[in-house]
Amino acid sequence: MDGHIAIPIWLFVLLIIVTCAAVLDRVLIPSTRWFIRRRINRVIDEISARLDIEIRPFQLTKRQVLIDRLVYDPKIIEAVQAYALEKKIPREVAQAKVITYAKEIVPSFNAYLYFRIGYWVAKKVARLLYRVRVGYVDNEDLAKVDPKSTVVFVINHRSNMDYVLVAFLAAERTTLSYAVGEWARIWPLQMLIKYMGAFFVRRNSGNRLYRQVLERYIHMATKEGVCQAVFIEGGLTRDGCLRPPKLGLLDYMLRGFEPEKDRDIVFIPVGINYDRTIEDRSLLHEIKPHAEKRSGWFIFKTVAGFVLNNLFLMTQNKWERFGFACVNFGHHISVGRYCRENGINFSTMSRETRFPEIEKLSCRLLDSISTIIPVLPV
């Protein structure tokens, strides 16, 4: 019973590795996960207590659950069957496309990263580049908004800094979910943006199956009360003037809205302006009548030169911020009240009758934004 057993050194090392893996899997990892989850829940409780619009349960649901819920939505299943018949492909192939689209769209909201990291980064970047000001906000009007309603900030789009600025200024009141274009699908920016609750949109995509998946996700988020931000122009203004409104996202939010049954949707117009936008030269170049298309190398070289030049000026204590960045908040517009006043029920309308009504509402929102865009020194 007290004899010795000789084993090869490689087997001994393998046994050690397996033992360590078992200890990690059964003891250390669960304990660490419990400790981190406990801290995250404490942060969520602390933040929810001070927010005007609380974090919705939908945002705290596991991402895979949301993906499954989206993929197996009855309307998505119908769209998959129609797409498979139209393209003459197996249903499983069409279903795989839907899963890919759902994983691309559904965010991985993390409240801890949003408020402990994202908010801090947004604040530092915004204040580094600009003198940030909130010009006008009617707190009495905002206090009238039902906290259970779905709040949508409708914003003009002056610069890519809009995402950072609005997220920073709104973080004292609520979390924001907004659509970002394909420009942000680069590592590690893609992961950070998903953790911040944003979702990616393939702009100008003509794929009906993709648009159906996107529509159903926005419908789900809106119905569950997720606070969102929408750039109503659909893209950056090139000359500072407001562009005609894009109706796609608003239509996705409103087409199933029943004013007597559903959670109210409240639009809050937001006007943003800058003394100088960091993309000004690129945007002005694009509106030239016969502007040549610039290569990726030229863009990279120009951006790198711009950044290095500003860093050099900082080391020489000669760098100055790009002036003021100001945000004004307008008076809220309740969709439920708007529908009752005008005798409208978007959920019962066909596309042909619904779009003109949504266009009227979007033009009203655009007019509200135009009256509150800040006037700045430059």
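Residues numbered from 1 in each chain as written. Predicted model: local features only at pLDDT ≥ 70, side-chain atom pairs only at ≥ 80, totals over all residues. Heavy atoms only, no water.

## What about the overall build of the protein chain?
Note the threshold: Counting from the N terminus, the helices are DSSP H or I runs at least four residues long and the strands are E runs at least two residues long. Each residue gets one of three labels from its accessible area relative to the maximum for its type: buried under 20%, exposed over 50%, partly exposed in between, using a 1.4 Å probe on protein chains only. Whether two residues touch is decided by their heavy atoms; if any such pair falls within 4.5 Å, the residues are in contact. Residue exposure ignores everything except the shown protein chains as possible cover, and the areas themselves are Shrake-Rupley values with a 1.4 Å probe.
Check the secondary structure of the protein chain and you find 15 helices and eight strands. Out of the 378 residues in the protein chain, the part that is buried amounts to 43%. The long-range fraction of contacts in the protein chain, counting pairs at least 24 apart against all pairs at least 6 apart in sequence, stands at 78%. For the protein chain, the accessible surface area stands at approximately 21,600 Å², while carbon and sulfur atoms represent 58% of it.

## A word on unusual backbone geometry
The backbone of Lys88 shows a phi angle near 55 degrees, a positive value even though the residue is not glycine. Mapped onto the elements of the fold, Lys88 is located in the loop between helix H4 (74-87) and helix H5 (91-105). Using a relative accessible area of 76% as the deciding quantity, one classes Lys88 as exposed.

## So, the packing of H4 against H5
Two packed helices can be described by the angle between their axes and the distance between those axes. Here is the rule we go by: Axis definition: a line fitted to C-alpha atoms, limited for helices to the stretch in contact. Angles are taken between N-to-C directions and run from 0 to 180 degrees. Oblique is the label for every angle not falling under 35 degrees (roughly parallel), over 145 degrees (roughly antiparallel), or within 65 to 115 degrees (roughly perpendicular). The hand of a helix crossing depends on one turn: near helix anticlockwise from the far one by less than a right angle means left-handed, and clockwise means right-handed. For this classification, the nonpolar set comprises Ala, Val, Leu, Ile, Met, Phe, Trp, Tyr, Cys and Pro, the charged set comprises Asp, Glu, Lys and Arg, and every other residue, Gly included, is treated as polar.
It is at 9 Å that the axes of H4 and H5 come closest, and there the two elements cross at 130 degrees. Considering the angle they form, H4 stands oblique to H5. Of the two possible hands of crossing, H4 and H5 adopt the one that is right-handed. Taking contact as the criterion, the partners of Ile76, Ile77, Val80, Gln81, Tyr83 and Ala84 in H4 are, on H5, Arg91, Ala94, Gln95, Lys97 and Val98. Considered class by class, the residues forming the contact of H4 with H5 number seven nonpolar, two polar and two charged.

## Digging into the pairing of strand S3 (residues 177-180)
Test applied: By the convention used here, strands pair only if DSSP detects at least 2 bridges between them.
Burial along S3 is two-sided: Ser177 and Ala179 and Tyr178 and Val180, pointing in opposite directions, are all buried. Where S3 meets strand S4 (residues 199-200), two bridges bridge the pair, whose relative direction is parallel. When the bridges of S4 are listed, Ala179 appears paired with Phe199.

## What about a nonpolar patch on the surface?
Selection rule: Patch criteria: residues need more than 30% relative accessible area and no salt bridge. Like-charged residues are merged within 9 Å; nonpolar side chains of Val, Leu, Ile, Met, Phe, Trp and Tyr are merged within 5 Å. A carboxyl oxygen of Asp or Glu within 4 Å of a side-chain nitrogen of Lys or Arg is what we treat as a salt bridge.
Nonpolar side chains collect at one region of the surface, where Ile7, Ile9, Trp10, Phe12, Val13, Leu14, Leu15, Ile16, Ile17 and Val18 lie side by side and expose about 990 Å² of accessible area between them. Relative to the assigned elements, Val18 resides in helix H1 (residues 9-50).

## Details of the packing of aromatic side chains
Defined as follows: Pairing of aromatic rings covers Phe, Tyr and the six-membered ring of Trp, with a centre-to-centre limit of 6.5 Å; geometry is then stacked below 30 degrees between planes, edge-to-face above 60, and tilted otherwise.
Overall, the coordinates contain eight aromatic pairs when judged by the stated rule. Between Tyr163 and Phe231, the aromatic rings sit 5.0 Å apart at their centres with planes inclined by 70 degrees, giving edge-to-face as the arrangement. With Tyr163 in helix H8 (residues 161-170) and Phe231 in strand S5 (residues 228-231), this residue pair connects regions lying 68 residues apart in the sequence. Its relative accessible area of 7% is what places Tyr163 among the buried residues. Residue classification places Phe231 among the buried positions, given a relative accessible area of 12%.

## What about H8?
Burial analysis of H8 places nine of its ten residues in the buried class, the great majority of the element. Buried within H8 we find Met161, Asp162, Tyr163, Leu165, Val166, Ala167, Phe168, Leu169 and Ala170.

## Overview of the nonpolar core
Which entries qualify depends on this criterion: Side-chain atoms within 4.5 Å link the members of a nonpolar core, which is a set of buried Ala, Val, Leu, Ile, Met, Phe, Trp, Tyr and Cys residues.
Counting residues in each nonpolar core, the largest one holds 51 residues, and the members touching the most others are Phe199, Leu214, Tyr217, Leu254, Phe267, Val335 and Leu365. If you tally residues by element for this core, the top one is helix H10 (residues 208-223), at eight residues. Residues within four places of Tyr217 in sequence aside, it is in contact with Phe58, Leu70, Ile105, Val106, Pro107 and Phe199.

## Side note on the environment of Thr222
As a reminder, the rule being used: Pairs of N or O atoms are called polar contacts if they sit within 3.5 Å, as long as, within protein, a hydrogen donor faces a hydrogen acceptor (for residues adjacent in sequence, only side-chain-to-side-chain pairs).
As for its placement among the helices and strands, Thr222 is situated in helix H10. For the pair Thr222 and Ser149, spaced 73 residues apart in the sequence, the C-alpha separation amounts to 9.3 Å. Here Gln228 takes part through its side chain, which lies 3.0 Å from a polar atom of the side chain of Thr222.

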